Amino acid sequence: MDMSKVIVVARGLQKKSAFCGQDIRKAVRMNWSLVLLAIVFLAGMTVGSVYARNADMQALERLDFLFAGNFKARMTGSLLSIFTASFASGFLFVFACFLCGLSMWGMWLIPLIPFFRGFGLGLTSGYLYAAYGGMGILFNLVVILPGAFFCCLSVLLAAREGIGFSRLLASCGSKTVNRSKLKLYTMRFGAVLGITCLAALIDLLFSVCFGGLFSF
């Protein structure tokens, strides 16, 4: 290939990479609150993974209602029970964000919610790795994480909306918040619950399709 063509191609790749870098930085600036919440979530997941080294099955069972971490039930439970457990887990965190968002002090409490959700996912993932090694990692990747991804996404979005509305209440002081803003706040949480429902359906689908391939 002619050297001039190589130079042209290299310059084109440099321009594309520069544009991609600018787009990423722009996206981060526009969604900085979501990025910070994701960091808090990852911190909770890290803490949960470390804690899982000393956790036993009884610890997972005590937290199962919050995290839907009972992986054995995914292989033997009914379709309704799997869906209900998964949806209820996500709903509790989303609803907690909704309630905290209705208080001007909620902005300080809401970051604890994605941290706690990350702790639960890290606890389950860490326990599966510690107890079952490679097979536990595979089960986590195939059965748990697909639905958990969308569930955690809904929690992060709910946390962002809750913090935003809580800040709005704090800035208004004694003024009354416009009803249209409250209606918009409620509608956005309705959309977040739609993502939670989608996460539960994905959880159900992957549990049914692949849960029977594992035996613990």
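Everything numeric in this text was worked out from a predicted model, so none of it was measured.

(A) Examining the nonpolar core more closely. Membership of the largest hydrophobic core comes to 30 residues, with the highest contact counts inside it found for C97 and F189. Those elements giving two or more residues to this core turn out to be α2 (32-51), α6 (79-101), α8 (112-172) and α9 (179-210). The dominant element in this core, judged by the number of residues it contributes, is α8, at 16 residues. Look past the residues within four positions of F189 in its chain and what remains in contact with it is V94, C97, F98, A158, E161 and G162.

(B) Structural detail: the packing of α6 against α8. It is at 7 Å that the axes of α6 and α8 come closest, and there the two elements cross at 25°. Taken together, the axes of α6 and α8 are roughly parallel relative to one another. Crossing angle aside, the handedness with which α6 passes α8 is right-handed. Facing α6, whose interface residues are S89, G90, F93, V94, A96, C97, C100 and G101, α8 presents I113, F116, R117, C151, S154, V155, A158, A159, G162, F165, S166 and L169.

Cut-off values and rules
- Each chain carries its own residue numbering, running from 1 in the direction its sequence is written.
- Two thresholds apply to this predicted model, a pLDDT of at least 70 for residue-level local features and 80 or more for giving and counting side-chain atom pairs, whereas whole-chain, interface and lining totals are computed over all residues.
- Computation of side-chain values covers all heavy atoms of the structure but excludes hydrogens and water.
- Here, the term nonpolar core denotes a set of buried Ala, Val, Leu, Ile, Met, Phe, Trp, Tyr and Cys residues that are joined through side-chain atoms within 4.5 Å.
- Relative accessibility decides the category of a residue: with a 1.4 Å probe and only protein chains considered, values under 20% of the type maximum give buried, values over 50% give exposed, and everything between is partly exposed.
- Only runs of H or I of at least four residues qualify as helices and only runs of E of at least two qualify as strands under DSSP, and these elements are numbered from the N terminus.
- It only takes one pair of heavy atoms within 4.5 Å for two residues to be counted as in contact.
- Between N-to-C directions, angles span 0 to 180 degrees; the directions come from axes that are lines fitted to C-alpha atoms, helices contributing only their stretch in contact.
- The scheme is simple: roughly parallel for angles under 35 degrees, roughly antiparallel for over 145, roughly perpendicular for 65 to 115, oblique for anything else.
- Each crossing gets its handedness from the near helix: less than a right angle anticlockwise from the far helix is left-handed, clockwise is right-handed.

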